Amino acid sequence: MTTKKVERRIKIKHRIRKNVYGTAERPRMSVFRSNKQIYVQVINDDEGKTIAAASSLGLEAMPKKEQAAKVGELVAKNAQAAGVTAVVFDRNGYLYHGRVKELADAARKGGLKF
């Protein structure tokens, strides 16, 4: 059973995904945020493969916004190691503030171009 909040996020997610598509040149950087963790993947939708990923697992000792910033730095480093410099950002239905914004800003500082 889904709540109205989850249904709303899923509607927003579908609206975003109509327009956001990852290619080999500019893969999609998708964010998933749970109550305790934050996960991010860099995905090539042409092949359906994950190029790079990072998560906040093991970073529970620090505040959530700092976790998100650390995950942004990690995914930028992992993506650059895989040869990716530019991505399209998929916020996955979440509002662009708080942890999602911290992650995106840290990924930009890490060298990824949105």
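For the structure, see preceding data.
What this report covers is the structure whose coordinates are included nearby. (Residues numbered from 1 in each chain as written. Predicted model: local features only at pLDDT ≥ 70, side-chain atom pairs only at ≥ 80, totals over all residues. Heavy atoms only, no water.)

## Some words on the nonpolar core
Counting 22 residues, the largest nonpolar core has Met29, Val40, Val42 and Leu103 as its most contacted members. Mapped onto this core, the elements with two or more residues apiece are β1 (28-33), β2 (38-44), β3 (49-55), α2 (64-81) and α3 (99-109). (Core = buried A, V, L, I, M, F, W, Y, C linked by side-chain atoms within 4.5 Å. Buried < 20%, exposed > 50% of the residue type's maximum accessible area, 1.4 Å probe, protein only. Helix = DSSP H or I, 4+ residues; strand = E, 2+ residues; numbered from the N terminus.)

## Topic: the sheet that holds β1
Taken in spatial order, the four strands make up an open sheet running β3-β2-β1-β4, and their pairing is mixed. The open sheet has two edge strands, β3 and β4 (88-90), and neither has a second partner. The average angle at which neighbouring strand axes cross in this sheet is 20°, direction not considered. Relative to β3, β2 is paired through six bridges, and the arrangement is antiparallel. Paired with Val42 across the two strands is Ala52, which belongs to β3. Sheet strands touched by α2: β1, β2 and β3. Its angle to β3, the strand with the most contacts, is close to 145°. (Pairing = 2+ DSSP bridges. Axes fitted to C-alpha atoms, helices over the stretch in contact; angles between N-to-C directions. Contact = heavy atoms within 4.5 Å.)

## With respect to the packing of α2 against α3
A packed helix pair is summarised by two numbers, namely the angle formed by the two axes and the spacing between the axes. At a minimum axis separation of 7 Å, α2 and α3 run at an interaxial angle of 35°. The chirality of how α2 crosses α3 is right-handed. Of α3, the residues touching α2 (which contributes Lys64, Lys65, Ala68, Ala69, Val71, Gly72, Glu73, Val75 and Ala76) are Arg99, Glu102, Leu103, Ala106 and Ala107. Classifying every residue of the contact of α2 with α3 gives eight nonpolar, one polar and five charged. (Left-handed = near helix turned anticlockwise from the far one by under 90°. Nonpolar A, V, L, I, M, F, W, Y, C, P; charged D, E, K, R; others polar.)

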